[in-house]
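Observations on the model geometry
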Amino acid sequence: MLDEELINTDDLDPLGLHRIQYRPNKVTTSMVILAQNDNVKQELLNAGCLCQTLEDIAPLKAISADQLVETYRHLGASEDIGVNRSPKPCVKQFGHFSGV
């Protein structure tokens, strides 16, 4: 039908998606910093880093990266089919700040 010009490519793709070669993705990364205690919080604030403690964000709760990895280990486990845990996910801590 295209060869006989009964229809054209715009009839097949009215949104023109075939013409879009590259569409950049706008990626936004957010990071939340939780201080272990008020002393560490104050040091971070003095350094210009906005942060909160676990008490500040209550009633919300947060877990450490190690706790997250342990939680994911049990994801997909099923005694019925003999799977005792899923593979260890690639979750790493970016860093650890300890105050004086």
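Residues numbered from 1 in each chain as written. Predicted model: local features only at pLDDT ≥ 70, side-chain atom pairs only at ≥ 80, totals over all residues. Heavy atoms only, no water.

1. Concerning the overall build of the chain
Counting secondary structure elements, the chain contains 3 helices and 2 strands. Along the chain, helices (α) and strands (β) appear in the sequence α-β-α-β-α when read from the amino end. Put simply, the chain has 100 residues, and 12% of those count as buried. Of all intrachain contacts in the chain linking residues separated by at least 6 positions in sequence, the fraction that spans at least 24 positions is 21%. (Helix = DSSP H or I, 4+ residues; strand = E, 2+ residues; numbered from the N terminus. Buried < 20%, exposed > 50% of the residue type's maximum accessible area, 1.4 Å probe, protein only. Contact = heavy atoms within 4.5 Å.)

2. A few points about the confidence of the model for the chain
In this model, the chain carries an average pLDDT of 79, and 84% of its residues clear a pLDDT of 70 or more. Per-element confidence in the chain is highest for helix 2 (residues 38-46), whose mean pLDDT is 95, and lowest for helix 3 (residues 65-73), whose mean pLDDT is 81. Taken together, the stretch residues 93-100 has pLDDT below 50 and engages in 10 contacts with residues farther than four places along the chain or on a different chain. (pLDDT = per-residue confidence, 0-100.)

3. Description of the pattern of salt bridges
Here the structure, examined in full by the defined rule, presents 1 salt bridge. With a shortest N-O distance of 2.7 Å, K41 and D56 are connected by a salt bridge. With K41 in helix 2 and D56 in the loop between strand 2 (52-53) and helix 3, this pair connects stretches of sequence that are 15 residues apart. (Salt bridge = Lys/Arg side-chain N within 4 Å of Asp/Glu carboxyl O.)

4. Describing a nonpolar patch on the surface
Together, L15, L17 and I20 give the surface a local cluster of nonpolar side chains, amounting to about 310 Å² of exposed area. Among the structural elements, L17 can be located in the loop between helix 1 (9-12) and strand 1 (34-35). (Patch = residues over 30% accessible without salt bridge, like charges linked within 9 Å, V, L, I, M, F, W, Y side chains within 5 Å. Areas by Shrake-Rupley, 256 points an atom, 1.4 Å probe, with all protein chains shown as cover.)

5. Observations regarding the state of the cysteines
By the definition in use, this model includes 0 disulfides. Not part of a disulfide, C49 finds its nearest cysteine sulfur in C51, a span of 5.6 Å. For C49, a relative accessible area of 23% corresponds to the partly exposed category. (Disulfide = S-S within 2.5 Å.)

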